[in-house]
Each structure stands twice: as C-alpha cells, then as structure tokens.
Amino acid sequence: FFFKQKTAYEIPLRLVSSEMCIRDSPNIKVKSYLKKPKSFSGGAGLLSTMGDYQLFGSAILDAKKGRDNPLINQDTAKLMMMNHLPENKHINELPKYPLKGKQYYKGHGFGLGGSICIDENVGLSNSREGDFGWGGAASTAFYISDKFDYSLVILTQVLESEETRKLNSEIKKLVNGCVDVHKK
C-alpha cells in the first residue's frame, strides 16, 4: 500500500489555482512545478496533501507501537526510528555535512528517512528521546513522538529560515507540554 503522491502537473488546474495555492504569478519566474518531474523527490515537485502527510506519519507511529496499519510493519518502523550514523554520532557532528541551524540538530541522529532524537538534553529542537521526523525544503515538517504517542505535520512554506526553526521548536514544546499534562 502506498499513498498516491501528486505533482502539480497531475493536479487539475481548478485545484492548482485554488485549493493547492499554487498560483500563476508574473513574479514567479520558475514554473517547473507544472512540468512532469524527472524523479519524484522532495523539494523538486513531490506534493502531497496535509491529510496524506499526516496519515503517513500516523502509519509509521502505529507500526512502531505495534498497531495495525497498511503501510509498514513494526520491525521496519523500529529500524527507521533508530540512529544509523557511525558511532551513534549526532547529525551536527559530521563535518562532511555542514548544516544551517546546527544547534537544532544537536542530540539528533539519522534513521531511515528522518532524524531521530537520541539525546533530548542538548540542542534547541525541544524534541524528546525517540522523536522521529523530517524537515522539508520549505520548512515543512513532520514529527512523530514515540513518548507522547502523536504525529504532527507543520506546513509553514518558507524557504530556509531561522525563524521557522524557532517556530517549529516552539510548536513541539507547546504540543508536548499539552500532551504531557493530559497523560498525568
């Protein structure tokens, strides 16, 4: 079972100009989102709905927790959500890959398809140990909280910004605080 992903060229024009908020503007010089991509990759034409993105995150969480879902099994989810960097390093410790906003990556390793929090006591991300997620090109993000049992999608649509890193961190802090209060 796979979620149907659409690129802008596959979406009927009535949706492209309204619900999807992709508008034909004279200020936008690059129109490549309207052409069939050579490959479906994030930041290069791969589009989804918020609902499908949320279902994707929920399916991974459900699999990790051993709940039935049609996407992946529990062993695969556990493998995805563990650090695969050499010597259990953090993302920011790899000099080969300099990162903007590296203070937000402290305490995070890299699993299969996303980052995984391995030390919640360092960095500025407000992640908890076991949190898994991915940040997209336009500051889109999804997070899966193993500890608090939720998945979250954030669609800010701003390219590379310190402000959106701060915003995403504060959203996680707020949600974790609310969920933690209700779990007691």
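Computed from a predicted model, the values in this text were never measured in an experiment.

**What to know about the nonpolar core**
For soluble globular proteins, the rule of thumb is that nonpolar side chains tend to be buried together.
Reasoning step 1: Counting residues in each nonpolar core, the largest one holds 13 residues, and the members touching the most others are Ile60, Ile72, Met80, Met81, Phe132, Phe142 and Ile144.
Reasoning step 2: At the level of secondary structure, the elements contributing two or more residues to this core comprise α2 (50-64), α3 (74-80) and β4 (140-145).
Reasoning step 3: A total of four residues in this core trace back to one element, the largest contributor, which is α2.
Reasoning step 4: Setting aside its immediate chain neighbours within four residues, Phe132 contacts Met80, Met81, Leu112, Gly113, Gly114, Ser115, Ile116, Phe142, Tyr143 and Ile144.
Reasoning step 5: Ala141, Phe148, Tyr150 and Leu152 belong to the second largest nonpolar core, which has six residues in total.

**Points about the confidence of the model for the protein chain**
Reasoning step 1: Here the protein chain averages 75 in pLDDT, while 69% of its residues score no lower than 70.
Reasoning step 2: For the protein chain, per-element mean pLDDT is lowest for helix α1 (residues 13-16), which scores 40, and highest for α3, which scores 93.
Reasoning step 3: Here residues 1-24 is a poorly scored stretch, pLDDT under 50, and it has 50 contacts once near neighbours within four places are set aside; other chains count.

**Topic: the pattern of salt bridges**
Reasoning step 1: On inspection of all chains with the given rule, the structure shows five salt bridges.
Reasoning step 2: The partner of Asp62 in a salt bridge is Arg67, and the shortest N-O contact between them spans 2.9 Å.
Reasoning step 3: A residue is classified by how much of its surface remains accessible, and Asp62, at 21% relative accessible area, is partly exposed.
Reasoning step 4: Arg67 is paired through a salt bridge with Asp149; the nearest N and O atoms lie 2.8 Å apart. Here Arg67 is found in the loop between α2 and α3, whereas its partner Asp149 is found in the loop between β4 and β5 (150-155), with 82 residues between them in sequence.
Reasoning step 5: By relative accessible area, which is 32% here, Asp149 ends up partly exposed.
Reasoning step 6: Shared partners join several salt bridges into a network, and the residues in it are Asp62, Arg67 and Asp149.

**Observations regarding the sheet that holds strand β3 (residues 132-135)**
Reasoning step 1: Strand order in the open sheet made by the five strands is β1-β2-β3-β4-β5, with antiparallel pairing throughout. Each end of this open sheet is capped by a strand with a single partner; those strands are β1 (108-110) and β5. Going from strand to strand, the sheet's axes swing by 25° on average, the running direction of each strand aside.
Reasoning step 2: For β3 and β4, the ladder comprises four bridges, and the chain directions are antiparallel. From the neighbouring strand, Trp134 faces β4, where its bridge partner is Phe142.
Reasoning step 3: Sitting on the sheet, α2 touches β3, β4 and β5, and the angle it makes with β5 is about 150°.

**Details of the pairing of β3**
Reasoning step 1: Pairing of strand β2 (residues 115-117) with β3, which is carried by two bridges, proceeds in the antiparallel orientation. Within β3, the residue paired with Ser115 across the bridge is Gly133.
Reasoning step 2: Taking the residues that link successive antiparallel strands as the turn, the β3-β4 hairpin has four residues, and the phi of Ser139 there is positive, at about 65°.

Reading the values: the criteria
- Residues numbered from 1 in each chain as written.
- Predicted model: local features only at pLDDT ≥ 70, side-chain atom pairs only at ≥ 80, totals over all residues.
- Heavy atoms only, no water.
- Core = buried A, V, L, I, M, F, W, Y, C linked by side-chain atoms within 4.5 Å.
- Buried < 20%, exposed > 50% of the residue type's maximum accessible area, 1.4 Å probe, protein only.
- Helix = DSSP H or I, 4+ residues; strand = E, 2+ residues; numbered from the N terminus.
- Contact = heavy atoms within 4.5 Å.
- pLDDT = per-residue confidence, 0-100.
- Salt bridge = Lys/Arg side-chain N within 4 Å of Asp/Glu carboxyl O.
- Pairing = 2+ DSSP bridges.
- Axes fitted to C-alpha atoms, helices over the stretch in contact; angles between N-to-C directions.

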